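# Architecture at a glance
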Amino acid sequence: MKKLGFGLMRLPLVNPDDTTSVDIEAVKQMADMFMAKGFTYFDTATPYHRGQSEVAFREALVKRYPRNSYTITDKLSLFMLKGEEDFQPFFDAQLERLGVEYVDYYWLHGLGGPSYRQAEEQHAFAFIQKLKAEGKVKHIGLSYHDKAALLDEILTKHPEMEYVQLQLNYLDWEDPMVESRKCYEVATKHRKPVIVMEPVKGGSLVNIPEEAVRLYQNYAPDMSVASWAIRFAASPDNVMMVLSGMSSQEQMVDNTGYMASFHALNRQELSIVEQAVEIIKGAITISCTACRYCVDECPMHIAIPDYFAIYNNLKQFGARQGIVASTYYGNLMQTHGKASDCLKCGKCEKRCPQHLPIRQYLEDVAGALEG
């Protein structure tokens, strides 16, 4: 397979305020281009667009292409389930929404400390092995958000895991919280191919400081900023696939263009990326990937990732962003809770794959945008 996968996490919407309003016709057009250029790997999960991502896949692919022409990944999202008695109904519902009789790749979703303990207590590893034995899934593995030491422990105890999906991008490669490089090295040590998620860090590595953009453009004027991030993620030898959560035809054109005949970054390009990292680190205040897991848990319906994006832009671009930031913030407050409405319950932080101190950051947002 070619190294670019279509992540069905940030699909185009009919109504920007409703994450379930997936624009099916737009997804069909994107899927058609993806398939026409020889790419076949699709990734979804039930939390993506609250189940409508799986439905969009059925409408765009399953109803329009032969089953052997594509591969689909889905996930057992333990954080949505109370106990192991929920596993089979959850999986059966996924098959129904997808419209398939089997899933090519099936992951334990977003494992970390607490969710790994849950997986062990509820025999989730045994469940996905059973699905494989039954032919309901072809390959099993895990997606992972935690430190390298725990990943080593998991893969030592569960050698039956065939693949590991990791958050890997050039900003997180040496980050002490995410430990992208160390996690990659653990997976490689255990001979588990790596599938990459968040190669552009939820869009953060597209909207980078102008100084970093100039570095890239001076070297390769025709290459997009996003291409540097995705090529970096695809360059390590043990990376099998890089997922990109594409939400427009323009992104599809760009990504499939340079990934159709992929070339790993050379030494000079890696050096340029290292320079860009130092510039970006000085500009990004909150390293949120906009996965939106936190939003579903918030009792006050606070638009956490959106507020963080506004705050980052404000901090990055200063006074010239002030009026724009206030406008966007005011618009969101019409249908969502304010940052200052936070109850400090901590539910959001328990669901955050980045382990961000969300409650503190919301205080910062309130101070900057509600003052």
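For the structure itself, consult the block above.
Residues numbered from 1 in each chain as written. Predicted model: local features only at pLDDT ≥ 70, side-chain atom pairs only at ≥ 80, totals over all residues. Heavy atoms only, no water.

## Topic: the packing of helix H3 (residues 87-98) against helix H5 (residues 124-133)
It is at 11 Å that the axes of H3 and H5 come closest, and there the two elements cross at 45°. Judged on the interaxial angle alone, H5 and H3 are oblique. In this structure, H3 meets H5 at a crossing whose hand is right-handed. Residues Phe-87, Gln-88 and Phe-91 of H3 lie in contact with H5, whose contacting residues are Ala-124, Phe-127, Lys-130 and Leu-131. (Axes fitted to C-alpha atoms, helices over the stretch in contact; angles between N-to-C directions. Helix = DSSP H or I, 4+ residues; strand = E, 2+ residues; numbered from the N terminus. Parallel < 35°, antiparallel > 145°, perpendicular 65-115°, else oblique. Left-handed = near helix turned anticlockwise from the far one by under 90°. Contact = heavy atoms within 4.5 Å.)

## So, the packing of helix H8 (residues 210-219) against helix H11 (residues 267-281)
For any two helices packed against each other, one specifies the crossing angle of their axes together with the interaxial distance. Viewed as axis vectors pointing N to C, H8 and H11 meet at an angle of 165°, and their least axial separation amounts to 8 Å. In terms of their interaxial angle, H8 and H11 are classed as roughly antiparallel. Like other packed secondary-structure pairs, H8 and H11 cross with a definite hand, here right-handed. For the pair H8 and H11, contact is made by Glu-211, Ala-212, Leu-215, Tyr-216 and Tyr-219 and by Gln-268, Glu-269, Ile-272, Val-273, Gln-275, Ala-276, Ile-279 and Ile-280, respectively. Here the contact of H8 with H11 is built from residues that sort into nine nonpolar, two polar and two charged. (Nonpolar A, V, L, I, M, F, W, Y, C, P; charged D, E, K, R; others polar.)

## Observations regarding the pattern of salt bridges
When the charged atoms of two side chains lie near each other, side chains of opposite charge can form a pair. The tally for this structure, following the rule as stated, stands at 21 salt bridges. With a shortest N-O distance of 3.1 Å, Glu-162 and Lys-132 are connected by a salt bridge. Of this pair, Glu-162 sits in the loop between helix H6 (148-157) and strand S6 (163-167) while Lys-132 is found in helix H5, placing the two residues 30 residues apart along the sequence. Among the residues examined, Lys-132 registers a relative accessible area of 34% and is labelled partly exposed. A salt bridge links Glu-174 to Arg-181; the shortest N-O distance between them is 2.7 Å. Residue class for Arg-181 comes out partly exposed when judged on its relative accessible area of 23%. (Salt bridge = Lys/Arg side-chain N within 4 Å of Asp/Glu carboxyl O. Buried < 20%, exposed > 50% of the residue type's maximum accessible area, 1.4 Å probe, protein only.)

## Quick notes on the packing of aromatic side chains
Overall, the coordinates contain 21 aromatic pairs when judged by the stated rule. Here the aromatic rings of Tyr-219 and Trp-228 are separated by 5.8 Å at their centres, their planes lie at 70°, and the arrangement is edge-to-face. Judged by its relative accessible area of 1%, Trp-228 is buried. Both rings, one in Phe-308 and one in Tyr-361, keep their centres 5.8 Å apart while their planes meet at 85°; by these two values the pair is edge-to-face. Taken together, the positions of Phe-308 in helix H13 (residues 304-317) and Tyr-361 in helix H16 (residues 358-369) put the pair 53 residues apart, joining distant regions of the chain. Each member of the pair, Phe-308 as well as Tyr-361, carries the same accessibility label: buried. Aromatic rings pair up to connect Phe-6, Phe-34, Phe-39, Phe-42, Phe-57 and Tyr-70 into one cluster. In this structure, Lys-138 is placed above the aromatic ring of Tyr-102, and the distance from its NZ or CZ to the ring centre is 4.6 Å. (Phe/Tyr/Trp six-rings, centres within 6.5 Å; stacked < 30°, edge-to-face > 60°. Lys NZ or Arg CZ within 6 Å of the ring centre and 35° of its normal.)

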